[in-house]
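As a plain string of letters, each chain reads:
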Amino acid sequence: MSISTLRRSARETVSGLPPGFWWLWLSTLVNRTGAFVLTFLSLYLTLELGHSAWFAGLVVALHGLGGVAGSPLGGVLTDRWGRRPTMITMHLAAAACAGALAFVTSAWGIATAVLLMGAAMQAVRPPINATIADMVPAHDMRRAYSLNYWALNLGFAIASLGGGAAAFLGYRTLFLVDAVATVLCAVIVFLRLPETRPAPRSGPQTPTESAAEEKVSILTVLRDAPFRTLVLLNLLVCLVFTAPWIGLPLTMADQGLSASSYGAVIAVNGVVIVGFQLLVNKFTDKRSPVLLLVLSSLLFGLGTGATALAGSSVAFAATVVVWTVGEMIHVPTNAAATARLAPEHARGRYQGVMGMSWAVAGFVAPILAGAIVDGPGPDVLWAATAAIGVLAAAGYATRLRKALAEDEDVVAAPVPVPGPVPSPAPAPVVVKGGDAEDSPVRT
C-alpha cells in the first residue's frame, strides 16, 4: 500500500464529521492523557502505603463495582438533564475523587474515593455515546465511534508513557495531574460542546407513543427483548476481553517469564490500536454489523484460546494481536448498533444499560479468572474463553441477524444533520420487540 493511498484513506476516515464531534474527541483525548489513577493505583497502595496485594485488588475491583451503578445512572441523567450537564458533572466528580486520592490515606477513605470514581467515570460514557449519536449522521456512526475509541487508546498510551516517566515526582502528583486533566476535559465540554438532547416531539401523538416517551425506565429498556439479547452477548464478549488482563500475567509467570515480559506483551494491545484502528475502520466501513460482531467474537475466542498454546513472549504477543483486532472491530460496531437502534428519547438509558455490561464484566471477570488459574489452571481458563467467544458468535448470527439486518436497511441512506439526528426507529416506543443496542470502553 503506497503512502498516497494511506493518506487518502486517512482523509476519508476523518472527513465529513461535524465540528462538535471533534471537540468531544479532543475532550476524550485530554481526559485519557491524564488517566494515571488506575494505571498506578495498585503500586501506590502496596509500595507507597504498605497495603497488601489483596487489598489493592479489592480496591481496583471496587472501581468496577462503582461502574455497575454509575453506567445506568449516567444513562438516566443523560436523558433527563441532558448530555452536556451530565458530562460536566461527572467529569468534575471524577476529578474530585482523583484529587482526594492524593491526600486520603485511610483504607476506608481510599476505597470510598475509588468506588465513587468508578461510578463517575462510567456515568460519563452514556452521554458521550448519546452525543455522538445525536450529532453524527447514521451512516457515519460506526466511523465516529471508532475515532473516539482511537482517541481513548491514544490518550491511554500517552498516560502510560508519561506516568512512567513522571513517577519519580510521586504518585500523589500523578493523581493531581489526573484531576487537572479531567477538569480541563469538563471545561472543553462547557465551552465548546453544544447540548444535543433531542427536543420533545411536537405534533399529534397517540397515547401509547406519548406514554412511552415520558415513562422510560431501565426496566423498560431491559424489556426490549432483542436489545436485552445484545447486552447479554456483549457481556459474554466483555468477559472474554477482560480475562487476559488478569489471566495473561499469571499464565506467563507460571511459565517462568518475567513481569517485564508481560509489560512488553500487553503493550502490544495499545500499539496495535493506536497504529491500526484507522485502517480497521476502512476495512469495516459499510459491512454488515452482524458479520462484524460474529467476526470479532471469533477473534476474541481464537486469540484468548491460543494463549494456552503459547510458550514464549513472541507467541503470547501474537495472541494479543488477534484479540486486539477483535476489540477494534467489536467496540465501535456495538456502540453504533446501540445508538442506531435506541429510540432518540432513550438513547442515554440504552447506552447506560450497555455500559453496565462492561462494568459487570470488569468486576466479575478478574475474580473468576483468578479463581480458575488458582484452581483448575490456566489452560481451563483459556479453553473457557474460547468456548465463550464461539458461543457469542453463534448468538449474534442466530439471535440478532433479523434485528440488525433490519436496522442496516433503515440507515443505509445518509441523513442530513444540521442539529440532532432523528432516530431511525419507526416509532418512539421503547419495547419494540424486534430491535437491539455499547461502549467503550476501556476503563
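Before any of the text, the structure's been laid out above.
Being a predicted model, the structure only gives us computed values, none of them experimental.

(A) Representation of the overall build of the protein chain in the model. Each helix and strand in the protein chain was counted, giving 18 helices and zero strands. Looking at the protein chain as a whole, 53% of its 443 residues are labelled buried. Accessible surface for the protein chain amounts to roughly 17800 Å². Of this, 70% is attributable to carbon and sulfur atoms.

(B) Local environment of the packing of helix α12 (residues 225-254) against helix α16 (residues 347-374). At a minimum axis distance of 7 Å, the contact between α12 and α16 shows a crossing angle of 35 degrees. Pair α12 / α16 crosses with right-handed handedness. Of the residues that constitute the contact of α12 with α16, the class distribution is 21 nonpolar, six polar and no charged.

(C) Region of the structure containing the packing of α12 against helix α14 (residues 289-305). The contact between α12 and α14 brings their axes to 10 Å, and the two run at 30 degrees. In terms of orientation, α12 lies roughly parallel with respect to α14. The way α12 lies across α14 gives a crossing that is left-handed. Contacts between α12 and α14 pair Leu230, Val237, Val240, Phe241 and Pro244 from the former with Leu293, Ser297, Phe300, Gly301 and Thr304 from the latter. Considering only residue class, the contact of α12 with α14 consists of seven nonpolar, three polar and no charged.

Conventions adopted
Residues numbered from 1 in each chain as written. Predicted model: local features only at pLDDT ≥ 70, side-chain atom pairs only at ≥ 80, totals over all residues. Heavy atoms only, no water. Helix = DSSP H or I, 4+ residues; strand = E, 2+ residues; numbered from the N terminus. Buried < 20%, exposed > 50% of the residue type's maximum accessible area, 1.4 Å probe, protein only. Areas by Shrake-Rupley, 256 points an atom, 1.4 Å probe, with all protein chains shown as cover. Axes fitted to C-alpha atoms, helices over the stretch in contact; angles between N-to-C directions. Left-handed = near helix turned anticlockwise from the far one by under 90°. Nonpolar A, V, L, I, M, F, W, Y, C, P; charged D, E, K, R; others polar. Parallel < 35°, antiparallel > 145°, perpendicular 65-115°, else oblique. Contact = heavy atoms within 4.5 Å.

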